[in-house]
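Close look at the chain arrangement
One letter stands for each residue in the lines below.
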Amino acid sequence: MRKIVYFVTSSLDGFIARPNGAIDWLIQAEGNEDFGFSQFINSIDTVIQGRHTYEHVLSLGPYPYANQKNYVFSRKLLQCQHAEIVRQPVADFVRWLRIQPGKDIWLVGGGQLAAAFLEAGAIDELKVFIQPILLGEGIPLAGYIGRDTRLTVKHSHAFRQGLVQIDFEVRK
């Protein structure tokens, strides 16, 4: 069965963006270092985003996920140029999506959508890249979940730029 992976970068204090959505604090790769992103992107064929994340990605330039099937959870958008809009509950959508043929699925974000997926028990793995910075405030890695979510550390790696990758499996 296809896995849903929340692949995300966070500050040490658990924020994925500043309160206004800015990600200017992210460390840029030096040289050819891509922090395993190429390998990860080759392991997925589907991208899921919330509306705010989708709109932010569009503001950065050419749409980077054009080679993947894209879904955007939104109550406000009427249409998306690069994605299908999802309005149904997370659990219903995930049940349908998991039985479709394909590779793994990337939950890009944001924090509210990640919380909804965690609450529904729909995330299988988290690949969290921790930046060596404390933001003090911002958009959390996952919003309010309403219950404990137990994780098992599968792998960790410290990069020379100071970024630390920790891969977790969600205990079911």
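Shown above is the structure to which this text applies.
None of these values were measured; they are calculated from a predicted model.

**A look at unusual backbone geometry**
Between G109 and the following residue, G110, the backbone shows a cis peptide bond with an omega angle of 10 degrees. Note on placement: G110 falls in the loop between β6 (104-109) and α4 (111-119). The residue F35 is not glycine, and still its phi comes out positive at about 60 degrees. For F35, the position within the fold is in the loop between β2 (15-17) and α1 (37-42). According to the relative accessible area criterion, F35 is buried, its value standing at 12%.

**A few points about the pairing of strand β1 (residues 4-11)**
Extensive coverage of β1 is indicated by the burial of 7 of its 8 residues. Relative to β6, β1 runs parallel, the two sharing 3 bridges. Note on β6: the bridge partner recorded for I4 is I105. Bridge count between β1 and strand β7 (residues 125-131): 7 bridges; the pairing is parallel.

**Let's talk about the environment of I23**
Position of I23 relative to the elements: it lies in the loop between β2 and α1. A relative accessible area of 29% means that I23 is categorised as partly exposed. Placed 13 residues apart in sequence, I23 and S10 show a C-alpha to C-alpha distance of 9.9 Å. Setting aside chain neighbours within four positions, we find I23 in contact with I16, A17 and H56.

**Thoughts on the sheet that holds strand β10 (residues 164-170)**
Spatial strand order, β5-β4-β3-β6-β1-β7-β10-β9: 8 strands in an open sheet with mixed pairing. Strands with a single pairing partner mark the edges of an open sheet, and in this sheet they are β5 (84-86) and β9 (151-158). Ignoring which end each strand starts from, the neighbouring axes of this sheet average 25 degrees apart. Sheet strands touched by helix α2 (residues 51-59): β3 (44-50), β4 (69-73) and β6. Its angle to β3, the strand with the most contacts, is close to 110 degrees.

Quick notes on the rules
Residues numbered from 1 in each chain as written. Predicted model: local features only at pLDDT ≥ 70, side-chain atom pairs only at ≥ 80, totals over all residues. Heavy atoms only, no water. Helix = DSSP H or I, 4+ residues; strand = E, 2+ residues; numbered from the N terminus. Buried < 20%, exposed > 50% of the residue type's maximum accessible area, 1.4 Å probe, protein only. Pairing = 2+ DSSP bridges. Contact = heavy atoms within 4.5 Å. Axes fitted to C-alpha atoms, helices over the stretch in contact; angles between N-to-C directions.

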